[in-house]
Amino acid sequence: GGAKSWKSTYGISSSSLTRYHINNQKLVKDATLAKADMGLTSTFESFLEWGLSKYPAEKTGVILWNHGGALDGVCYDENFDDDSLLASEVSSALDTAFTNTKREEKLEFIGYDACLMAVQDIAEINSNYFNYMVASEESEAGEGWDYDSWLDDVYDNHDTETILKAICDGFVDDYERNYGSDYDNDQTLSVLDLSKMAQYKTAFEQLASNISTSVKSNSSSFNTLMKSVKNYGDLWMDSDRKSVV
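Residues numbered from 1 in each chain as written. Predicted model: local features only at pLDDT ≥ 70, side-chain atom pairs only at ≥ 80, totals over all residues. Heavy atoms only, no water.

A.B. asks: An account of the overall build of the chain is requested, with residue identities and associated values reported.
C.D. replies: Assigned secondary structure in the chain consists of 7 helices and 8 strands. Along the three orthogonal principal directions, the C-alpha set of the chain runs to about 65 × 45 × 40 Å. Here the chain, with 245 residues, has 33% of them falling under the buried criterion. Residue pairs at least 24 apart in sequence account for 58% of intrachain contacts in the chain once pairs closer than 6 positions are excluded. Charge-centre separation for the chain: the mean point of 20 positive side chains lies 2 Å from the mean point of 42 negative side chains. (Helix = DSSP H or I, 4+ residues; strand = E, 2+ residues; numbered from the N terminus. Buried < 20%, exposed > 50% of the residue type's maximum accessible area, 1.4 Å probe, protein only. Contact = heavy atoms within 4.5 Å. Lys, Arg positive; Asp, Glu negative; His and termini not counted. Charge placed at Lys NZ, Arg CZ, Asp CG, Glu CD.)

Here's what the structure looks like:
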């Protein structure tokens, strides 16, 4: 779903929702459903419950592929006025799917093959359901992830961190091959260990509290800090990105 048309190579219809599994490197259709909005909680929930019930595994990854806008959502549906899944809707779908499938253990990872999704609030929400999160701090190139670079690691039963590292390295390497090394710094992709999010949140809020206290007691020092940050940002934007570390 989600697109007005699909590349004919794969024989995917745009007039309905279709679910597949892969067998011998080919798509095998499992189900055809009525067209539905990819930006609805219920659509995502239904997909999760189908996957968890029909294909149970020791380790499960969930990948959301499409445009991303951080807290404005992910997976914009061309057929339904670009409706998207907000972080709260992703959380609601996961919560209901866990309940309905009687799942208690966290899933292994959530991946956002989309722009701008490596956000603290999104990571905090996902820490309730996943062990890891893969996402980009910046905009992704239009082609998205290079799946060929890491799927063999899945089939070979490599550990999770090896697979997730391969996702990130493959994405950046593929971009460099396609666009040249002059632009390799434009692409970012990171793996977050979501078990650290509670500790991170405590530290971040303590930092914010310290800054607030400092501003109230000495506004001139805060102004100096802000000017330094702005000057660094301006310098970075005006310089050759390859020379910036």
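A.B. asks: Which residues make up the environment of Ser14, and what are the values?
C.D. replies: With respect to the element layout, Ser14 can be found in the segment before strand S1 (17-23). You can call Ser14 partly exposed: its relative accessible area is 25%. Between the C-alpha atoms of Ser14 and Gly1, which are 13 residues apart in sequence, the distance is 6.5 Å. Those residues in contact with Ser14, other than ones at most four positions away along the chain, are Ala3, Lys4, Ser5, Trp6 and Lys35. Engagement of the side chain of Ser14 in a polar contact is seen with the backbone oxygen of Lys4, the distance being 3.2 Å. (Polar contact = N/O pair within 3.5 Å; in protein donor to acceptor, adjacent residues only side chain to side chain.)

A.B. asks: I'd like to hear about the packing of aromatic side chains, residue by residue, with values.
C.D. replies: Evaluation of the coordinates by the stated rule reveals 8 aromatic pairs. For the ring pair Trp6 and Trp65, a centre distance of 6.1 Å and an interplane angle of 45° mean the geometry is tilted. Here Trp6 is found in the segment before S1, whereas its partner Trp65 is found in strand S3 (residues 61-65), with 59 residues between them in sequence. A relative accessible area of 27% places Trp6 in the partly exposed class. Take Trp65: its relative accessible area is 53%, and that puts it in the exposed class. (Phe/Tyr/Trp six-rings, centres within 6.5 Å; stacked < 30°, edge-to-face > 60°.)

A.B. asks: Which residues make up the sheet that holds strand S7 (residues 130-135), and what values do they have?
C.D. replies: Reading across the sheet, the 4 strands line up as S3-S6-S7-S8 and stay open at both edges, with mixed pairing between neighbours. At either end of the open sheet lies a strand with only one pairing partner, and these are S3 and strand S8 (190-193). Neighbour-to-neighbour, the strand axes of the sheet open up by a mean angle of 15°, direction not taken into account. As paired strands, strand S6 (residues 107-113) and S7 are joined by 4 bridges and run parallel to one another. By the bridge assignment, Ile110 is partnered in S7 with Met133. Together, S6, S7 and S8 form the strand contacts of helix H5 (residues 160-179), whose direction differs from that of S7 by roughly 15°. (Pairing = 2+ DSSP bridges. Axes fitted to C-alpha atoms, helices over the stretch in contact; angles between N-to-C directions.)

A.B. asks: So what's going on with the state of the cysteines? Which residues, and what values?
C.D. replies: Inspection of the entire model under this criterion finds 0 disulfides. Take Cys115: it sits in no disulfide, and the sulfur closest to it among the cysteines is that of Cys75, at 12 Å. Here Cys115 falls in the buried class, since its relative accessible area comes to 16%. (Disulfide = S-S within 2.5 Å.)

A.B. asks: Help me get a handle on a nonpolar patch on the surface, residues and values and all.
C.D. replies: A cluster of nonpolar side chains, namely Tyr10, Ile22, Leu27 and Tyr155, defines an oily patch on the protein surface of about 460 Å² accessible area. As for its placement among the helices and strands, Tyr10 is situated in the segment before S1. (Patch = residues over 30% accessible without salt bridge, like charges linked within 9 Å, V, L, I, M, F, W, Y side chains within 5 Å. Areas by Shrake-Rupley, 256 points an atom, 1.4 Å probe, with all protein chains shown as cover. Salt bridge = Lys/Arg side-chain N within 4 Å of Asp/Glu carboxyl O.)

A.B. asks: Report on the pairing of S3, specifying residues and quantitative values.
C.D. replies: On any regular strand, side chains alternate: one points to one face of the sheet, the next to the other face. The alternating pattern of S3 places Val62 and Leu64 on a buried face and Gly61, Ile63 and Trp65 on a face that is not buried. Here 5 bridges tie S3 to S6, and the two strands are oriented parallel to one another. By the bridge assignment for S6, Leu64 is matched with Tyr112.

A.B. asks: Before we move on, can you summarise helix H2 (residues 87-100) with the specific residues and values?
C.D. replies: With 14 residues, H2 should cover 20 Å at 1.5 Å per step; its first-to-last C-alpha distance of 20 Å lies within 8% of that length. Inspection of H2 places Ala87, Glu89, Val90, Ser91, Ala93, Leu94, Ala97 and Phe98 among the buried residues, and these make up the whole buried set. Next to the buried residues of H2 lie helix H1 (41-54), S3, strand S5 (83-85), S6, helix H3 (120-126) and S7. (Expected span 1.5 Å × (residues − 1).)

A.B. asks: Describe the environment of Glu104, with residues and values.
C.D. replies: Along the chain, the position of Glu104 falls in the loop between H2 and S6. It is 29 Å that separates the C-alpha atoms of Glu104 and Tyr147, two residues lying 43 residues apart in sequence.

A.B. asks: How would you sum up the nonpolar core? Please name residues and give values.
C.D. replies: Among the nonpolar cores identified, the biggest contains 29 residues, and Phe44, Leu64, Val74, Tyr112, Phe130 and Met133 are the most heavily contacted of them. When residues of this core are traced back to their parent elements, those giving at least two are H1, S3, strand S4 (74-77), H2, S6, H3 and S7. Beyond its immediate sequence surroundings of up to four residues, Val74 is in contact with Leu64, His67, Gly68, Ser84, Leu85, Tyr112, Ala114 and Met117. (Core = buried A, V, L, I, M, F, W, Y, C linked by side-chain atoms within 4.5 Å.)

Structural measurements only, silent on function.
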